[in-house]
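One letter stands for each residue in the lines below.
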Amino acid sequence: MTTKDVVLDEHFRLPLPEEIAHLTREEQDSLEKRIVRKMDMRLMPILIVMFWLNILDRNSIANAKIAGLPKDLHMTNANYNNCLLIFYVGYVLTQLPSNALLPKVRPSIYLPLVTCAWGLMSMSQGFLHNYTSIMVVRFFVGILEGPFLPGVIFLLSCWYKKEEFGKRVAFLYAGNILSSCFGGLIAAGIIGGMHNVAGYASWRWLFILEGLATVVIGLVGLYLFPDYPRTTRWLSKEEQLFAEWRMANEVAGIVDEDASGVWWGVQQALSDPLTYLFTFMQMMLTTGQSFTYFLPSIIKTLGYDNTITLLLTAPPYFVAFCGSLLIAHSSAKRNERCFHIVFPLMTSILGNIMAMTVKGFGPRYLSIFFMTFGVYVVYNVNYSWVSASIPRPRAKRAASLAIINLMSGGATHFYTSYLFPDSGAPRYYVGGAVLSVAVFLCASTALAIRFYLARLNRKMEEQEISGGGVEAAINANKNHTTAYKSFRYAL
């Protein structure tokens with residue numbers, strides 16, 4: 001490296017596209033704020049509501065269980081667990097193919113239509129009369145819900161820089177926690193006030209009303225959703241070019257497109273060790289959250305009726321919601337991921353141990369707060385870490401996110417659906433033990449990923465100092481001075 005060779009810091013910028021090269025730095029900053037504000041005001045609210053309904057529709061069966069669904073459909077406890085499992089069989093089948101296809105289609109049409117479809121299918125659960133029919137419908141609800149979450153995470157990663165992405169995922173995932181929180185409150189209102197309305201049991205109205213709301217929101221999404229930066233119809237040409245440039249600038253000019261086939265991205269994802277590490281970490285985290293599908297039944301062992309039981313499900317999730325926003329803000333501000341995952345998870349381990357050992361309403365209910373807090377507050381940090389660590393190209397990122405969500409959001413439920421049988425009440429020793437081990441393994445994997453990424457960062461720094469090429473670097477020749485702008489992994 002000559003005396004004119006310099007290594008520039010993160011503030012170095014790639015050249016602007018010719019059409020907007022005339023913009024001053026102040027104009028660029030103003031344009032960037034306008035684009036982010038448009039996305040925040042147009043996309044984020046509808047996404048949060050959609051995700052809220054996604055989890056609400058998925059979890060409503062847990063609330064319906066204590067309101068008489070198994071009795072009306074002549075189901076045993078094993079039959080109920082099978083209904084939980086069959087949903088995730090369908091769920092895993094569509095995630096990877098959907099995300100492999102997503103870079104080639106218009107998200108503004110595809111994702112809202114998927115939302116409408118699962119809403120209609122979820123509604124139909126309110127009109128079923130036997131075990132076989134609900135098994136079939138739950139399978140297709142899973143098929144239709146599968147594309148949503150990995151697709152949404154991928155879409156956000158196309159628009160938000162890594163320092164912006166974590167906060168948006170935090171607000172998105174707040175929809176999950178709030179759904180679990182208000183889902184119990186909504187269920188308490190419907191189950192307590194709509195029994196035998198129009199001749200339908202209250203648990204049937206739970207599916208009908210929540211599914212109908214999902215369809216309405218899906219139709220609204222057709223108007224509000226964006227496509228990709230270069231093709232979004234409600235951005236000006238200047239905004240489109242700058243939106244695309246700012247994402248390329250963040251990752252040192254690595255192109256976010258490829259000319260290869262749909263499955264090229266899958267092959268690239270499967271060849272990256274980070275895909276496997278993040279997949280295992282996310283699987284363990286999802287395992288740690290699996291009590292949520294049995295929480296009404298767990299809380300009912302405290303001795304209260306159905307309405308009080310459903311109301312008691314809300315406070316633990318509300319505390320977790322507040323904690324998730326604080327943890328996400330701290331993680332983004334400090335640009336740190338690992339320890340914002342590891343330390344909160346310790347509270348979940350404590351909660352699981354307490355749930356298996358303590359007696360009395362107060363200590364047992366407190367254990368549910370601890371169980372919920374750790375595994376829910378770190379979820380958004382975990383997902384933002386994944387996307388920031390597998391930045392580009394677009395097809396690889398989409399495939400990686402789909403694989404991770406497929407295994408964690410789908411395959412884990414092949415065994416977690418059976419961790420809390422009614423015969424295990426009130427202590428549920430098997431479930432508590434499995435969840436404790438899973439949360440510990442999640443924290444350990446986060447530490448291993450931090451070590452691995454730190455080593456990759458050191459390797460890139462050494463290559464730059466020696467003048468070697470770096471995969472995530474670009475050379476910008478200005479006045480015969482070679483400048484290097486390099487990607488760095490967040491730790």
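Criteria and cut-off values
Think of each chain on its own: its residues are numbered from 1, step by step along the sequence as written. With the structure being a predicted model, the display of local features is reserved for residues of pLDDT at least 70 and the display and counting of side-chain atom pairs for 80 or more, all residues being used for whole-chain, interface and lining totals. The basis for the side-chain values is all heavy atoms of the structure; hydrogens and waters are excluded. Secondary structure elements follow DSSP: runs of H or I no shorter than four residues count as helices, runs of E no shorter than two count as strands, and numbering proceeds from the N terminus. Exposure is judged per residue with a 1.4 Å probe applied to protein chains only, and the accessible area is read against the type maximum: over 50% gives exposed, under 20% gives buried, and values in between give partly exposed. It only takes one pair of heavy atoms within 4.5 Å for two residues to be counted as in contact. Paired rings are identified among Phe, Tyr and Trp, the last through its six-membered ring, by centres lying within 6.5 Å, and are further divided according to the angle between planes into stacked (under 30 degrees), edge-to-face (over 60) and tilted (the rest). A helix is expected to reach a length of 1.5 Å times the quantity of its residues less one. What qualifies as a polar contact is a pair of N or O atoms within 3.5 Å, subject to a donor-acceptor requirement within protein and to the restriction that residues adjacent in sequence count only when both atoms come from side chains. Only the stretch in contact is used when fitting a helix axis, every axis being a line fitted to C-alpha atoms; angles between N-to-C directions are given from 0 to 180 degrees. The labels follow the angle: roughly parallel below 35 degrees, roughly antiparallel above 145, roughly perpendicular from 65 to 115, and oblique for the rest. Handedness of a helix crossing follows the sense of rotation of the near helix relative to the far helix, less than a right angle counterclockwise being left-handed and clockwise being right-handed. In this count, Pro and Cys sit with the nonpolar residues alongside Ala, Val, Leu, Ile, Met, Phe, Trp and Tyr, while Asp, Glu, Lys and Arg are called charged and the others, Gly among them, polar.

Asker: I tried to follow the environment of Tyr-223 on my own but got confused; where do I start?
Answerer: The residue Tyr-223 is located in helix α9 (residues 202–224) in this model. On the basis of relative accessibility, which here comes to 57%, the residue Tyr-223 falls in the exposed class. C-alpha of Tyr-223 to C-alpha of Ser-108: the two residues are 115 residues apart in sequence and 7.8 Å apart in space. Apart from the residues within four sequence positions on either side, Tyr-223 is in contact with Arg-42, Arg-233 and Trp-234.

Asker: I keep staring at the packing of aromatic side chains and nothing clicks. Help me out?
Answerer: Centre-to-centre distance and the angle between the planes together describe a pair of aromatic rings. All chains considered together, the criterion is met by 22 aromatic pairs. Between Phe-242 and Trp-245, the ring centres sit 5.1 Å apart and the planes meet at 40 degrees, which makes this aromatic pair tilted. In this pair, Phe-242 and Trp-245 are both assigned in helix α10 (residues 237–250), 3 residues apart and thus about one turn of the helix distant. For the ring pair Tyr-365 and Phe-369, a centre distance of 5.1 Å and an interplane angle of 85 degrees mean the geometry is edge-to-face.

Asker: What should I look at first to understand the side chain of Thr-279 in this one?
Answerer: Tracing the sequence through the fold places Thr-279 in helix α12 (residues 273–288). Residues contacting Thr-279, with those up to four places away along its chain left out, are Ile-403, Ile-404 and Met-407.

Asker: Just to check I follow, could you spell out the environment of Pro-17 for this structure?
Answerer: The topology assignment puts Pro-17 in the loop between β1 (6–7) and α1 (25–42). Accessibility expressed as a relative area gives 23% for Pro-17, which makes it partly exposed. Put simply, Pro-17 and Glu-238 are 221 residues apart on the chain and 9.9 Å apart in space, counted from C-alpha to C-alpha. Once residues within four sequence positions are removed from consideration, Pro-17 is found in contact with Leu-241 and Trp-245.

Asker: Sorry, what's going on with α12 here?
Answerer: Between its first and last C-alpha, α12 extends 23 Å over 16 residues, near the 22 Å set by a 1.5 Å rise per residue. Of all 16 residues making up α12, 12 are buried, and the element is well covered by its neighbours. Taken together, the buried positions of α12 are occupied by Leu-274, Thr-275, Phe-278, Thr-279, Met-281, Gln-282, Met-283, Met-284, Leu-285, Thr-286, Thr-287 and Gly-288. The backbone nitrogen of Leu-274 has a side-chain oxygen 2.9 Å away, supplied by the residue at the start of α12, namely Asp-272.

Asker: Is there a simple way to think about helix α18 (residues 379–389) in this case?
Answerer: Helical periodicity: at 3.6 residues per turn, an α-helix aligns residues three or four positions apart in one direction. With respect to burial, α18 is a largely interior element, 11 of its 11 residues being buried. When we look at burial in α18, the residues that qualify are Tyr-379, Asn-380, Val-381, Asn-382, Tyr-383, Ser-384, Trp-385, Val-386, Ser-387, Ala-388 and Ser-389.

Asker: Any chance you could explain unusual backbone geometry here in plain terms?
Answerer: The amide bond that connects Ala-425 to the next residue, Pro-426, takes the cis arrangement and shows omega of 0 degrees. Following the sequence through the fold, Pro-426 ends up in the loop between α20 (413–416) and α21 (429–466). A positive phi is found at His-74, a non-glycine position, where the angle reads about 55 degrees. You can call His-74 exposed: its relative accessible area is 65%.

Asker: Looking at this model, I keep getting lost on the packing of helix α2 (residues 44–66) against helix α8 (residues 162–193). Mind explaining?
Answerer: Each packed pair of helices is defined by two parameters, the angle between the axes and the distance between the axes. Two elements in contact, α2 and α8, have axes separated by 7 Å at closest approach and are oriented at 45 degrees. Relative to α8, α2 is oriented oblique. Along this stretch, α2 crosses α8, giving a crossing that reads as right-handed. Looking at the contact of α2 with α8 residue by residue, the classes come out as 15 nonpolar, 8 polar and 1 charged.

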